[in-house]
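Below are the chains, spelled out letter by letter.
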Amino acid sequence: MRRVPGMFRTFGVFTQKCFSGSSANPRFQSMNSRRKRNSVRKASAIEDIVEPRKIQHVTQATAGMEEWIGSLDSTSINMLLDEFMRRPMVRQLAKENGINDKLFMRAFKSFREYCTPKDLSSVDAALLILLSDISKGDKDCEMLYPFFLDHSKQVFPHLEAMDDLRIISDLTRPHNWYPEARSITRKIFFHAGPTNSGKTYHALKRFGEAKSAVFCGPLKLLAAEVFNRTNELGIPCDLVTGEERRFAKDNHHPSQHLSSTVEMLSTQMRVEVVVIDEIQMLRDEQRGWAWTRALLGAAADEIHLCGEPAAIDIVKKLLEPIGETVEVRYYERKSPLAIGDKAIESYSNIEPGDCIVCFSKRAVFFNSKKLEENGIKPAVIYGDLPPGTKLAQAAKFNDPDDECNVLVATDAIGMGLNLNIKRVDPIMNVGIAPTYDQIETFSFHLPQASFVRLLDLFVSVCSVSDHFFICTVYDMRELAVLIDQVPLPLKVRYTFCTSPLNTDDKRTAAVFVKMARRFSTGQALTYDWLIDMLEWPPKPATNLNELALLEQNYEILDQYMWLSMRFPDMLPDEPRVREASKLLDKMIQEGVESFMSLISVAQSESKEPRASNSQSEKVSKSSEKTKKSSILEALLKRADISEEDLEQLRDELNKKKT
Ligand SMILES: Nc1ncnc2c1ncn2[C@@H]1O[C@H](COP(=O)(O)OP(=O)(O)OP(=O)(O)O)[C@@H](O)[C@H]1O
Ligand SMILES: [Mg+2]
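Residues numbered from 1 in each chain as written. Chains lettered and ligands numbered in written order. Predicted model: local features only at pLDDT ≥ 70, side-chain atom pairs only at ≥ 80, totals over all residues. Heavy atoms only, no water.

Let me state the cut-off plainly: UniProt positions are given in the numbering used here, feature names are shortened, and annotations may be inferred rather than shown by experiment.
Going by an unreviewed UniProt entry, the protein chain carries the name ATP-dependent RNA helicase SUV3 homolog, mitochondrial and comes from Caenorhabditis brenneri. Quoted verbatim from the Subcellular location (unreviewed entry) field of UniProt, the annotation for the protein chain is "Mitochondrion matrix". Entered under Sequence similarities (unreviewed entry) in the UniProt record, the comment concerning the protein chain runs "Belongs to the helicase family."

This is how it looks when you write it as structure tokens:
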């Protein structure tokens, strides 16, 4: 696949063509999301989530108790309960009360246990009298139903609050969540066209002309670039991202122009123009909610959307219920762009200005090495790199005098890639996320439930209409599981769990838990405390593992800054942490600069037989033929190359041999 990834064009780059490093079965990732998630998730049924509460018997001393109990015993009670359970009327009534068959069996098991304790006198007296009457044939067993229902509600408290929970978690009318936007007759413009066609350029022109405006970008890097460019043009502009706030003047004099990441848009701030870039991202599994929220909630006279034509229909549908119409402006591509439809056939065909788009970091390493073997020194960009490093690599690629005139990058840096492919599959639904208030009200009704359980219940009960799907809750849950046992107020826990942290990495996840623990003790998270957990001062990377360690440390510092924006009193050392993160950024940059030597180290290391490595042992003991296929398979794993690539590699090796 050949394309120009979005962010480079904004640096004035016109690449000729881009290739995918691996064409078969690419694993698409959210462009800026650091978390890699399974793409298909299903809400669990509520009966699979809720845990029954144990109901305690109370010893009572009621006069005449022996007489009521009479000939009652566990056997007779069990018999009449069996009869109760079989009655269709009982099942029907239960369903009407939100107790489906599965839940019924769980509640009934608990009810049976309650009715048949060792000491029958500990059963509620009124129930005991009824049981006695039923067993004597004086009353029908269906009369047990009110007792059963009461018991079920005690065992499963959500039953009591079900109606309220349904109302709270009704996400079918998100338009109503933004009264400020609904008080305006907004004009919506959709700048549509292929990549590199000037969509953002035209929207930003309007941004610059307006008296007050907000730019919502998909990446910190783009927000920072718009911030810098706008100020360079003499228009004071502030910057807000998840981790940073910068002012053209100072915090007492906010500018009329603001550049931000889309999540940070305030739906209460009234302005003339809001630009929402890369609007097709509203279908993103993790971050889509932020675009949906911006689209429905931006409080501006003019909304300028930029993005793939594939998003036009869904945007129109989303705005239909509030009577807003969309004016579409189409653009043509400014420079020729070739998008390859297959993997690189030969590295010798690569020309200056090409971009190889890979689907994993390992594929970036693999392709960079291949290019180097062909005498080409590429610039390298992948998602885990800090923005400064990405910028520096982009600058090298852009600089006509620099020897790096080919770029190897993961799709994490561009967003059109996914969508170019998805374009033949128009966007059908968009992300939506519950608000904190909704989760809080939920917890009010279910005070016993842990936060993780609360999220599960929310997803299970909530309703969304056709055009929406729920995001964030799953990401939140992964973080929530980590800190479920840490005692934190709900709002703090919620905020911690909305951090954009990659939990796939055990080390960053462990630091996250430590941060939450320290927070829960009321002690400030200081620079010294934080730095103690990292290997500090950092050492320059001499191999890829060390480079990855620097990247993890960078992510940890980034997480600190993110939390510090939200809890400045508890995380007071943001300036020092930012300095430390700049240092890491520089070291990572240097690491990437000497990328080729790092790859060489990795290669030579991987060639050295290691006694402890059972896989190497196996390879060295196997036959010649197996040895080759094992190395190829190891390569396949390491470089994330496809079976097709592997086949091609085999052919190439065979050709070399002949
Ligand atoms: N009319 C124009 N005059 C001068 N430069 C332009 C014009 N239109 C676009 N450009 C420049 O062309 C490059 C690509 O434009 P832009 O970033 O707006 O593309 P885009 O359609 O938003 O692409 P993408 O979908 O990848 O975001 C930028 O460097 C931009 O400054
Ligand atoms: Mg653009």
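That covers the picture; the talk isn't over yet.
1. Focus: the sheet that holds strand β8 (residues 300-307)
Under the convention used in this document: When DSSP finds two or more bridges between two strands, those strands count as paired. The helix count covers DSSP runs of H or I at least four residues long, the strand count covers runs of E at least two residues long, and both are numbered beginning at the N terminus. Throughout, a contact is declared for two residues whenever any of their heavy atoms are within 4.5 Å. Throughout, an axis means a line fitted to C-alpha atoms (over the contacting stretch in the case of helices), and angles, computed between N-to-C directions, take values from 0 to 180 degrees.
Taken together, eight strands build an open sheet; the order of strands is β5-β4-β6-β3-β7-β8-β2-β9 and the sheet is mixed. Each having just a single partner strand, β5 (245-246) and β9 (326-330) make up the two edges of the open sheet. Pairing between strand β3 (residues 213-217) and strand β6 (residues 257-261): five bridges, direction parallel. Following the sheet pairing, Cys216 is matched in β6 by Ser260. Against the sheet, helix α11 (residues 199-209) contacts β2 (187-192), β3, β4 (237-240), β6, β7 (271-276) and β8, and its axis sits at roughly 160° relative to β8. Lying over the sheet, helix α12 (residues 220-232) contacts β3, β4, β5 and β6, oriented at roughly 165° with respect to β4.

2. Remarks on the packing of aromatic side chains
Here is the rule: Here the aromatic set is Phe, Tyr and Trp, taking the six-membered ring for Trp, and pairing holds for ring centres within 6.5 Å; pairs whose planes are under 30 degrees apart are stacked, those over 60 apart are edge-to-face, and all others are tilted. Relative accessibility under 20% of the residue-type maximum defines a buried residue, over 50% an exposed one, and the middle range a partly exposed one, all with a 1.4 Å probe and only protein chains included.
Per the stated rule, a full pass over the model turns up 16 aromatic pairs. Both rings, one in Phe104 and one in Phe108, keep their centres 6.0 Å apart while their planes meet at 5°; by these two values the pair is stacked. Of this pair, Phe104 and Phe108 both sit in helix α6 (residues 101-115), four residues apart, which is roughly one turn of that helix. Phe108 carries the same exposure label as Phe104, and that label is buried.

3. Focus: the packing of α6 against helix α8 (residues 145-155)
For the record, the criterion: Angles are sorted into four bins: roughly parallel if under 35 degrees, roughly antiparallel if over 145, roughly perpendicular if 65 to 115, and oblique for all others. Ten residue types, Ala, Val, Leu, Ile, Met, Phe, Trp, Tyr, Cys and Pro, are classed as nonpolar, four, Asp, Glu, Lys and Arg, as charged, and the remainder, Gly among them, as polar.
At their nearest, the axes of α6 and α8 sit 9 Å apart, and the two run at 105° to each other. Of the possible angle classes, the one that applies to α6 and α8 is roughly perpendicular. Counting all contacts with α6, which are made through Phe104, Ala107, Phe108, Ser110, Phe111 and Tyr114, the residues of α8 involved are Phe147, Phe148, His151, Ser152 and Val155. Partitioning the contact of α6 with α8 into residue classes produces eight nonpolar, three polar and no charged.

4. Comments concerning unusual backbone geometry
The amide bond that connects Trp536 to the next residue, Pro537, takes the cis arrangement and shows omega of -5°. Here Pro537 is to be found in the loop between α23 (527-533) and α24 (544-566). The residue Asn196 is not glycine, and still its phi comes out positive at about 70°. Tracing the chain through its elements places Asn196 in the loop between β2 and α11. The backbone phi angle of Glu278 is positive, close to 55°, even though this residue is not glycine. With respect to the helices, strands and loops of the structure, Glu278 is situated in the loop between β7 and α13 (288-297).

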